[in-house]
Amino acid sequence: MTGVLRARHSWPLPCFVCVAACAAGDPTQEAATPPPPRTYFGADVLLLDTDLVRVVARMARSARLSDVDAYARCAAAQVALEEGSSFARLVRTRLGEEASFLVADAVYTLSPTLPSGLQTIDAEVAVEECKEREIPTR
């Protein structure tokens, strides 16, 4: 029995520890669980002013809120580049569910120079990171 339990773990454990860990669920198996598939349903962009943009991004409900938030950020970075701005700064984000979607409704300011604030985005760098992470920018 101990040999079977050890095969499930990458480290040798005493029998009593192994039984307790197996009964509680193997944390290494939970950490190795792949993230849910990401299905993107578009990011609507509305220019509110010359330097203010609203992004509403939608993903399948199987995604995480952090995924749809990242999707909105990627769309904002792309819009900043398209509008001739090098930077964006997050004003606010509302995350939630709508019908069968997870939704991020975010507002960003666009700026040719680095704006003050904690949540600034270097648009060019962000778009490259989005490509690397396979997150669409629209």
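Procedures and definitions
Residues numbered from 1 in each chain as written. Predicted model: local features only at pLDDT ≥ 70, side-chain atom pairs only at ≥ 80, totals over all residues. Heavy atoms only, no water. Pairing = 2+ DSSP bridges. Helix = DSSP H or I, 4+ residues; strand = E, 2+ residues; numbered from the N terminus. Phe/Tyr/Trp six-rings, centres within 6.5 Å; stacked < 30°, edge-to-face > 60°. pLDDT = per-residue confidence, 0-100. Contact = heavy atoms within 4.5 Å. Core = buried A, V, L, I, M, F, W, Y, C linked by side-chain atoms within 4.5 Å. Buried < 20%, exposed > 50% of the residue type's maximum accessible area, 1.4 Å probe, protein only. Polar contact = N/O pair within 3.5 Å; in protein donor to acceptor, adjacent residues only side chain to side chain.

A.B. asks: Give me the pairing of strand β3 (residues 87-98): which residues, what numbers.
C.D. replies: A regular strand places its side chains on the two faces of the sheet in alternate fashion. Pairing geometry for β3 and strand β4 (residues 101-111), over 11 bridges, is antiparallel. Opposite Glu-97, over in β4, you have Leu-102 as the bridge partner. Alignment of β3 against strand β5 (residues 120-122), held across three bridges, turns out to be antiparallel. Looking at β5, one finds that Arg-89 is bridged to Thr-120.

A.B. asks: Outline the packing of aromatic side chains, supporting the account with residue identities and numerical values.
C.D. replies: Within the structure shown, the criterion is met by two aromatic pairs. When the ring of Phe-41 is compared with that of Phe-101, the centres are 5.0 Å apart and the planes differ by 70°; the resulting orientation is edge-to-face. Here Phe-41, found in strand β1 (residues 40-49), pairs with Phe-101, found in strand β4; they are 60 residues apart in sequence, far enough to count as distant.

A.B. asks: Describe in detail the confidence of the model for the protein, supporting the description with residues and values.
C.D. replies: In the predicted model, the protein carries a mean pLDDT of 82, and 74% of its residues have values of at least 70. Confidence over residues 1-24 falls short of pLDDT 50; this stretch has 17 contacts with residues more than four positions distant or in other chains.

A.B. asks: Tell me about the nonpolar core, residues and numbers included.
C.D. replies: Membership of the largest hydrophobic core comes to 29 residues, with the highest contact counts inside it found for Val-55, Ala-72 and Tyr-108. Where this core is concerned, the elements lending two or more residues are β2 (52-60), α4 (65-82), β3, β4 and α5 (123-132). With 10 residues, α4 is the single largest residue contributor to this core. With near-sequence residues (within four places) excluded, Val-55 lies in contact with Ala-43, Asp-44, Val-45, Ala-72, Ala-75, Ala-76, Ala-104, Asp-105, Ala-106 and Tyr-108.

A.B. asks: I'd like a description of the side chain of Gln-78, backed by residues and values.
C.D. replies: With respect to the secondary-structure elements, Gln-78 resides in helix α4. Of note is the side chain of Gln-78, whose polar atom sits 3.4 Å from the side chain of Thr-137. Other than its neighbours up to four places away in sequence, Gln-78 contacts Val-127 and Thr-137.

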